[in-house]
Each structure stands twice: as C-alpha cells, then as structure tokens.
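Remarks on the overall topology
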Amino acid sequence: MNRAISPGSPEPVRSPQMERRRRILDATISLASEGGYDAVQMRVVAHRAEVALGTLYRYFPSKVHLLVAALAREFERTAEQLHRRPFPGRSRAERVGYVLRGTTQVLEDDPRLTEALTRAFMLADASMAAQVAVVETQVSQLLVGAMSDPADAADPPEDDPADEDVAIAKVIGDVWLAGLVQWVSGRATVEDVQSSMATAVGLLLRD
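Residues numbered from 1 in each chain as written. Predicted model: local features only at pLDDT ≥ 70, side-chain atom pairs only at ≥ 80, totals over all residues. Heavy atoms only, no water.

**What to know about the overall build of the chain**
On a plain count of helices and strands, the chain comes out with 9 helices and 0 strands. The order of helices and strands in the chain, counted from the N terminus, is α-α-α-α-α-α-α-α-α. Going through the 207 residues of the chain one by one, you find that 40% of them count as buried. Partitioning the intrachain contacts of the chain with sequence separation of at least 6 by distance along the chain shows that 73% fall at a separation of at least 24. (Helix = DSSP H or I, 4+ residues; strand = E, 2+ residues; numbered from the N terminus. Buried < 20%, exposed > 50% of the residue type's maximum accessible area, 1.4 Å probe, protein only. Contact = heavy atoms within 4.5 Å.)

**Brief notes about the packing of helix H5 (residues 92–109) against helix H8 (residues 163–184)**
Axis separation between H5 and H8 bottoms out at 12 Å; the angle between their running directions is 30°. Judged on the interaxial angle alone, H8 and H5 are roughly parallel. In this structure, H5 crosses over H8, and the sense of that crossing is right-handed. Every residue of H8 that contacts H5 at Arg-92, Val-96, Leu-100, Thr-103, Thr-104, Leu-107 and Glu-108 is listed here: Asp-165, Ile-172, Trp-176, Leu-180 and Trp-183. Along the lines of polarity and charge, the residues of the contact of H5 with H8 split into 7 nonpolar, 2 polar and 3 charged. (Axes fitted to C-alpha atoms, helices over the stretch in contact; angles between N-to-C directions. Parallel < 35°, antiparallel > 145°, perpendicular 65-115°, else oblique. Left-handed = near helix turned anticlockwise from the far one by under 90°. Nonpolar A, V, L, I, M, F, W, Y, C, P; charged D, E, K, R; others polar.)

**Considering the side chain of Ser-140**
Counting through the fold element by element, Ser-140 comes out in helix H7 (residues 129–147). With residues near it in sequence (within four places) discarded, Ser-140 still touches Val-166, Ala-169 and Lys-170.

**Thoughts on the packing of H8 against helix H9 (residues 190–204)**
Packing of H8 against H9 brings their axes to within 9 Å, and their N-to-C directions diverge by 165°. Accordingly, the angle class assigned to the pair H8 and H9 is roughly antiparallel. Relative to H9, H8 is oriented so that their crossing is right-handed. Only Val-190, Val-193, Met-197, Ala-200, Val-201 and Leu-204 of H9 make contact with H8, whose side of the interface consists of Ile-168, Val-171, Ile-172, Val-175, Trp-176, Gly-179 and Trp-183. Along the lines of polarity and charge, the residues of the contact of H8 with H9 split into 12 nonpolar, 1 polar and no charged.

Below is the structure:
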C-alpha cells in the first residue's frame, strides 16, 4: 500500500507534529509487516520512530488506536493510487468490483500487516467510534468514486453524491470489511471474500 511519488514532485511541507506522526505510523506499518499484531509494541514503535514513549502515548493512547490510525492512512494511500486514472469498467458494478479486487490483492500481498490492522479494527471499542468512522468513510468514498461515470472525471459534479450511492457504498463496504475479518480469523479464504463481494456488488449495483 505504499504511495509512489512521481519524479520531480515536491515533498509536502510538514509541521513537526505531522512529521512525528508520519514517523510513528511508518514504524507501526514496518513492525506489523515484519511480525503482525504482536510485533507492534508501543516501546518498540517509539524507539523506531525516534520519539519519546510519552510523546507516542499523547498521539495514540493504545496500540489499537495506533493500528486503526495506520489502517486509515493505508486506505487513504490506496485511494490516492487508484484515483490516478479512471477506474476501468463500463458499469458501476465492474468499476466497484475492480476497486475491491485490487484492494483485496494489496492486502493479500502483505498478510502480516493485514492481520495486524484488521485485528485492531475488530478490537476497537465505543471509545474509538470516531477513528473507526474515518476508516469506514474512506472505504465508502472510494466506492462512491468508483461508482461515478468515468466520463465525468475531467469535470466532476459540484453536488454531493446521491444519498442512494452513499448508502449502497456503505453496505458494500461493511460486507467487505466483514469479509476481511473472516479471512484474518481463518474462517474464510481470499476466494470466499472475493465471491461474497461479487455477489453483493451484483445484487446492489444492477445497472
């Protein structure tokens, strides 16, 4: 899920706080990729990110908070990659299916990271409702973008997406996230997740 920066693109200007947060999330992703959920220890993250442990806890009160924030950033980066060109497909179902297959493939390619991020998402309680909502909104926005007609990409509409599109995207996103939980828990294969998603998309997006 790494974001590629095109040659010659200026690096964004970051405040010291943003730079520390970036280092913390980079360290978290690195540790999770190496050893999964258990490898992400707050003291080790602080050491690798070169921040004081107290500073880390001011940014993220727990490991679950930290990993859910990392999940949100990974979805944001994936969306940036996918939005660099129009989604292929002549129908909404084909375009949404493309996004889901591509994103699931990225997750499959890094199973330890996926296990860590999904496990944290499963463990998030009511105190983390706002952070979970960020992840769900990112997934929904990605799917709504895929549902849009690619002919409108050069001149996007100024109006907000239709309520029906947002509702459909939320249902598909919920089904997809539930499929990831089943996969990480060993109760489903990637093929099972892909099949469930194809069924959900086919039922909800009949163009």
